[in-house]
Structures are given as C-alpha cells and as structure tokens.
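Listed below are the residues making up each chain.
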Amino acid sequence: MTREVLRFALRGLAANKLRSGLTTLGILIGVGAVIMLVAVGNGSSQQVQKNIERLGTNTLTVMPSTAGGRGGAGGLARLFGGGGAGGRSQQTGPRAQAKSLTVEDARSLADAANVPSVKSVSPVVTSSSVNATYEGTAHAIQQFVGTYPAYFEASNDPVARGTYFTDDDVLNGRKVAVIGNTVAEDLFGTVDPLGRQITVSGVNFTVVGVLKTKGSSGFQDADDVAIAPLPAVQQSLTGYGALNQIVVQAKSPKVVDTAQAEVTDVLNQRHDISGSNTADFQILNQASLQSAISSSSRTFTVLLGAVAAISLLVGGIGITNIMLVTVTERTREIGIRKAIGAPKSAILGQFLVEATVLSLLGGLLGVAAGVVGSQFTVLGVRPVIVPSSIALALGVSVAIGLFFGSYPANRAAKLRPIEALRHE
Amino acid sequence: MTVLDVQDVTKVYGDGDTAVHALRGVRLAVDEGDYVAIMGASGSGKSTLMNILGCLDVPTGGRYLLDGLDVGALDDRRLAILRNRRIGFVFQSFNLIPRMSALANVELPLAYGGVKAAERRRRALAALEQVGLADRVDHEPNELSGGQQQRVAVARALVTAPALLLADEPTGNLDTRSTADVLGVLDRLSADGRTIVLITHENDVARRAKRVIRLVDGRIVEDRRTAPVGRPAIRSGGDELRADDR
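Residues numbered from 1 in each chain as written. Chains lettered and ligands numbered in written order. Predicted model: local features only at pLDDT ≥ 70, side-chain atom pairs only at ≥ 80, totals over all residues. Heavy atoms only, no water.

Enquirer: Run through the layout of surface pockets, naming residues and quoting values.
Expert: Estimates place the volume of the largest pocket at around 440 Å³. Residue lining of the largest pocket: 23 residues in total, with I418 and R422 of chain A together with S47, N51 and D168 of chain B positioned closest to the centre. Tallied by class, residues from the lining of the largest pocket come to seven nonpolar, ten polar and six charged. (1 Å grid on protein atoms, 1.4 Å probe; cavity = no way out; pocket = protein on both sides within 12 Å on 5 of 7 lines; lining within 4 Å. Points joined across faces, edges and corners; volume = space filled by probe spheres on them. Nonpolar A, V, L, I, M, F, W, Y, C, P; charged D, E, K, R; others polar.)

Enquirer: With reference to specific residues and values, describe the interface of chain A and chain B.
Expert: Taken together, the contact pairs 24 residues of chain A with 21 residues of chain B. Across the interface of chain A and chain B, roughly 2,100 Å² is buried in total on both sides, 61% from carbon and sulfur atoms. When the buried surface of chain A facing chain B is broken down by residue, I336, I340 and I418 of chain A rank first, second and third, together holding 26% of it. Joining chain A to chain B, the criterion identifies two salt bridges. A salt bridge links R120 of chain B to E4 of chain A; its shortest N-O distance comes to 2.8 Å. The greatest single-element share of the side of chain A that touches chain B, amounting to six residues, is contributed by helix α11 (residues 331-339) of chain A. Partitioned by chemical class, the residues of the side of chain A that touches chain B number twelve nonpolar, two polar and ten charged. (Contact = heavy atoms within 4.5 Å. Buried area = accessible area lost by both parts, 1.4 Å probe. Salt bridge = Lys/Arg side-chain N within 4 Å of Asp/Glu carboxyl O. Helix = DSSP H or I, 4+ residues; strand = E, 2+ residues; numbered from the N terminus.)

Enquirer: Please give an account of the packing of helix α5 (residues 146-158) of chain B against helix α6 (residues 176-191) of chain B that cites residues and values.
Expert: Think of two packed helices as two axes; the pair is described by the angle between the axes and how far apart they sit. Residue and element names in this part refer to chain B. Between α5 and α6, whose axes approach to 8 Å, the crossing angle comes to 20°. The angle between α5 and α6 places the two elements in the roughly parallel class. Handedness of the crossing formed by α5 with α6: right-handed. The segment α5 lies against α6, with G147, Q150, R151, V154 and L158 engaging S178, D181, V182, V185 and L189. A class-by-class count of the residues in the contact of α5 with α6 yields five nonpolar, three polar and two charged. (Axes fitted to C-alpha atoms, helices over the stretch in contact; angles between N-to-C directions. Parallel < 35°, antiparallel > 145°, perpendicular 65-115°, else oblique. Left-handed = near helix turned anticlockwise from the far one by under 90°.)

Enquirer: Got a sec to walk through the sheet that holds strand β9 (residues 211-216) of chain B? Specific residues and values, please.
Expert: Pairing between the strands of a sheet comes from backbone hydrogen bonds, and it takes one of two forms, parallel or antiparallel. Residues and elements named next belong to chain B. In space, the six strands of this open sheet follow the order β6-β7-β8-β3-β9-β10, with mixed pairing throughout. Of all strands in the sheet, those with a lone pairing partner are β6 (87-90) and β10 (219-225), marking the two edges. Across the sheet, the axes of successive neighbouring strands diverge by a mean angle of 15°, strand direction being ignored. Relative to β9, strand β3 (residues 35-40) is paired through five bridges, and the arrangement is parallel. Among the inter-strand pairings, A37 is bridged to a residue of β9, identified as V212. In this fold helix α1 (residues 46-53) packs onto β3, β6, β7 (164-168), β8 (196-200) and β9, with an angle of close to 155° to the strand it touches most, β8. (Pairing = 2+ DSSP bridges.)

Here is the structure:
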C-alpha cells in the first residue's frame with residue numbers, strides 16, 4: 001500500500017504543476033542560498049587563512065609598541081597595511097623609558113640557553129617607497145627589507161629563481177638583493193634580472209634571486225618588495241638605528257606560545273620591564289592572530305548561513321500554506337477516500353509524501369543551483385563548497401517537508417468522512 | 001443471516017434547546033440477500049441513518065451490528081477496514097475521484113485493502129464488466145456521462161465483494177435512461193444475492209426493492225415487504241402474479 005500512497009501523492013502533485021513548481025522554488029532558493037552563502041563564507045575564510053599563512057608559520061613578530069610609528073613593517077604590514085592588525089599586544093598606557101629594538105636584542109634572542117623554543121631570529125629594518133632604477137627604468141619599491149637569511153623561511157618567502165643571500169653576505173655587508181615579482185617585472189620586463197644591478201639611493205645592489213609570487217591582498221602588493229642583507233640596507237637606507245621588528249620563528253607550532261613567553265622574558269629583562277612598567281614592545285603571534293581571524297570568519301559564515309536558513313524557513317512555510325490549500329481543496333476527495341476505507345495512515349502518508357516530495361525536489365534542485373552558483377566568484381571571493389552543508393541543507397529540506405507538511409496532513413487525516421463528504 | 005442489525009439507534013445533533021433529533025430510536029434488521037428501499041421526505045433522517053449504516057457517522061445512542069460486529073466498539077482504524085471490506089457505498093453525486101481513470105477509481109478500495117496490483121486490476125476489470133463499462137476503463141470521470149459515472153461508482157462499491165451495498169439516492173442526479181441503467185445493475189446484483197440498502201424518494205425506484213421502509217421524523221412508520229428475500233423483486237402486476245405462482 002505504501003507504493004499506492006506514493007503514487008497518489010505524485011499524482012496529486014502532478015495535477016497542480018504550477019503550484020507545485022512555485023512551492024518547490026521556495027525551497028530551491030532556500031537550499032541554494034544556504035549552500036552558496038556558506039560556500040562564500042567558507043571561501044572568504046580560506047582566503048584569509050591563506051593570507052595569514054603567507055606571513056610564515058610558527059612566527060612571532062616583535063615590534064616596538066609605539067603603535068603605527070616607524071611606518072608599518074615587514075610581513076604583517078605587507079598584508080594588512082599598517083601593522084598591529086590583531087594578534088596579541090602587550091602594550092597599554094605610557095611607560096617610563098621606552099627602549100627601541102636593537103640588533104643586540106635580536107642577538108640575545110638567538111641564545112638557545114634563554115630561548116630553547118626558538119628556531120631562528122631575524123632582525124628586520126624596512127624602508128618604504130624606495131626608488132630603484134635599472135638602466136633608466138624607475139620603480140618605487142613598496143617595502144625594502146634588510147634582514148638575515150633566516151627571514152626567508154620564517155616569513156614564508158621562498159625564492160622562485162636564483163638564490164637567497166647568505167650569512168656570509170650579511171657578515172661582509174655585500175650589496176645583494178632578492179626582489180619580488182612586481183619589482184622584477186617593473187624594472188626588468190622580459191630581461192632576466194639575476195646578476196643585474198639595481199640602483200637604490202645611489203647604491204648598487206646585485207639581484208641574486210626573485211621571490212615566488214604571493215599575490216596581492218587588500219590594497220597592498222605582497223610582491224612589491226626587495227629583501228637585502230641587514231647591514232647593506234642599514235648602510236644605504238635606514239641608518240644604524242633601531243630595528244623595525246624582530247621576526248622569531250618557533251621550533252614547531254606547538255611551542256609558539258612557549259617561545260612567545262621566552263621572548264617576552266628575555267626582552268623584559270633587557271628592557272628593564274617589570275611589575276608596574278608597561279612593555280615597550282609588542283609581540284604578534286601568528287597562531288593567535290589566525291585563530292582570532294578564523295573565529296571571526298566563522299561567525300561571518302554562520303551569519304550568512306543564518307540568513308539563508310531564514311529563506312529556507314520561509315520556503316517551509318510556503319509548503320505548509322500550499323498544503324493547507326491543497327487539503328481544503330481536496331477535502332471532498334479525502335472524504336471519498338475515507339468512505340471507501342482509506343485508513344488514517346494512508347491519508348496522512350499521502351499528504352506528508354506530497355509535502356516531502358516538494359521539499360526534497362526543491363532541495364535537490366537547490367543543491368544543483370548552489371553548486372553551480374558556487375562556481376562563480378562572488379564579490380571577489382571564490383566560494384568553496386562545504387560538503388556537509390549540502391547534506392545538511394538536503395536533510396533540513398526533507399525535515400521541513402515532514403515538519404511543515406505534518407500539520408496540513410494531520411488535518412486531512414483527522415477529517416471526519418461525513419463532514420469531508422459534505423464539503424463543497 | 002442478518003447482515004444489518006440496528007437496535008434503538010438515536011442520533012442527536014447539537015445539544016440543549018437547539019438539539020436536533022435526527023433519529024428517534026430506529027429498530028431495523030436486514031437479512032442477507034435483501035433489497036431494502038428507505039423512503040422519506042427530506043429531514044426525515046434517512047440520510048443520517050444511511051451514514052450510520054455506512055459507518056461514516058456514529059449513533060448517539062443504541063447499537064448497530066454489521067455482520068454481527070458491534071460497530072460502536074470499533075476504533076478509527078477498524079472502522080476504516082470495515083468500510084473497506086464490508087460496505088460498498090454509492091453516492092448521489094457519484095463521488096468519483098477526478099483525474100483518475102475509471103479503472104483506477106474502481107481499484108482504489110482494493111489498493112487501500114492491500115490487494116496486489118495484478119489481482120486488483122483483474123478484479124476491477126471484472127467489476128467494470130459487470131456494470132457494462134468494460135470499454136470505458138481508461139476514461140476519466142469527466143469523459144463519462146452521469147449514468148456511466150454512477151455505474152463506475154457501483155463497480156467501485158462492489159469490487160471488494162462487500163456484505164452490504166449502500167446507495168444514497170443513486171439515481172437522484174440521473175436522467176431517465178441512466179436511471180434505468182443503474183437500477184438495472186442494482187437489480188442484477190440483487191438477483192445475484194447481494195444485500196442492498198438504498199435511499200430514494202422516488203416510488204419507481206422503491207418499487208424495485210423487496211422491502212420498503214418509510215421514515216418520518218426519525219422514526220420508522222412503515223415497513224412493507226413486497227417480495228421475499230432471495231426472490232426477484234416485484235416489477236409490475238404481471239411480475240407480481242408470477243412471483244405468487246412460484
């Protein structure tokens with residue numbers, strides 16, 4: 001009899017194709033929206049994650065805590081345009097005597113005895129909008145970074161062509177540089193930049209490598225960069241003053257927090273920070289930044305999903321509405337069926353199946369629409385479908401059919417045959 | 001054997017001052033093979049009685065036994081089964097389900113009775129054959145004349161081989177020719193030994209029955225047998241004589 005009930009339900013739906021179609025559309029839009037918006041949220045969160053990964057892994061960035069001073073520095077600045085975008089800060093209020101970060105600070109952090117969790121330390125100076133020329137072609141390099149070779153690994157800046165500079169280059173203060181892709185293209189065009197010299201404030205730097213493309217994020221071009229040995233940059237651009245930041249790489253993701261504590265201890269000691277004094281440096285922890293941002297992007301995804309879920313709910317109410325109309329319209333038919341011996345369960349089943357078929361059909365079409373829609377880039381975000389959202393949306397659509405169909409179906413099943421038959 | 005046994009059945013609609021006493025104690029027993037016509041003016045309670053007999057409505061008081069089974073003691077599910085297996089209902093307004101072929105309409109009670117598809121089809125075709133509509137099985141109700149629709153309804157009523165065939169003014173909406181068609185079918189069924197209870201207000205229709213019951217104000221005022229149970233009903237004077245001869 002189950003098969004008969006199913007057939008009756010399908011026949012009922014087929015009898016009102018336009019109405020069934022429109023009801024299905026309501027669910028289709030709801031399910032499609034859930035899948036697509038969750039995919040957009042997921043895509044944007046993955047994009048942000050990728051941006052953060054570009055900063056390097058297991059990395060702590062120590063910066064002087066005069067926030068926004070010295071023109072944004074290093075990896076973070078290249079991504080977020082101006083430093084201090086989240087992460088953990090240890091700075092509040094004024095302090096007695098602020099000391100700037102020095103190469104000695106960096107050296108003390110390299111002492112394995114005090115900071116066992118640290119893998120490498122790179123002191124960093126940066127100079128922004130540095131004019132560089134090559135045979136008459138000029139280009140303003142957004143970030144000119146002076147550092148140690150360990151920086152490449154810590155900040156996740158691999159070389160695509162050529163080589164990194166070496167510790168030897170640093171010790172000897174050689175004027176060599178690794179340039180970003182944008183710089184290479186602007187200055188050299190089709191010419192191979194390796195081995196050529198670019199002139200920066202009257203000093204010639206030999207290009208030894210070109211960095212792998214990172215792509216732009218926000219309004220900053222992560223590839224508009226040049227990295228050279230620290231002494232060379234200090235000599236020609238920044239002078240031998242304070243460092244802009246110290247990039248510290250922890251030994252593993254697990255010990256990032258430990259490393260942060262160790263670094264804080266060492267620097268507190270060196271900068272005479274204790275008790276009432278506020279630290280004159282801040283440490284950005286990539287991991288905590290990442291978790292902060294991923295939790296906020298999760299909120300974003302949930303919000304999008306919730307908006308979509310509301311449209312799914314509206315679609316569900318549409319089902320209730322149309323099923324109520326159907327039941328009213330077919331009251332007489334229900335009466336006939338009951339008079340010839342249809343049990344309550346068969347009537348209930350018929351209308352439940354009708355509602356569920358509507359919502360399941362809408363759900364399936366909605367999945368198709370959501371998947372197709374997710375192939376397009378939405379507002380600069382490439383949606384990434386979350387497989388579980390498909391299963392969830394489908395499951396919810398079936399549940400909606402059962403839930404929102406149960407009221408009208410119950411009403412049909414409960415009709416007394418004698419009253420149903422009198423209905424005109 | 002007694003198919004129907006109605007014992008002091010009353011039916012009251014509403015309560016207090018506005019209460020309407022549709023049935024005021026009806027006592028009626030119908031034997032197997034009988035053909036009973038219930039007559040009465042509108043408001044006499046004949047439709048109410050019919051609905052109670054068809055298990056579509058429950059009496060306010062009294063007992064109703066169908067095939068020896070006390071209907072009042074049954075729950076919804078069992079009542080549905082009872083309607084499905086023991087009772088065939090023919091309505092004044094046909095009450096076929098639209099957009100379903102004649103065959104599908106006739107198969108419907110069997111479908112609810114859980115009969116397998118092949119068997120269902122066979123029995124439905126046989127029932128349609130019996131009412132002379134073997135050539136119209138694939139027509140939908142709106143493609144059939146009133147008389148044909150009513151014959152489909154009769155086929156649907158008898159396809160489950162019920163103990164009792166109830167007809168509520170089956171010819172009320174039909175022209176003379178269709179009326180003759182439908183009554184002819186009922187006559188044949190009666191001749192085959194089927195128990196039939198029919199409501200009518202037309203004497204022509206009632207004359208074909210073997211027993212005529214007249215209801216006034218919810219009470220039986222006349223219960224007249226015109227032919228013995230198990231014998232063909234009296235059709236005319238000539239028939240009457242022949243029936244007496246037997």
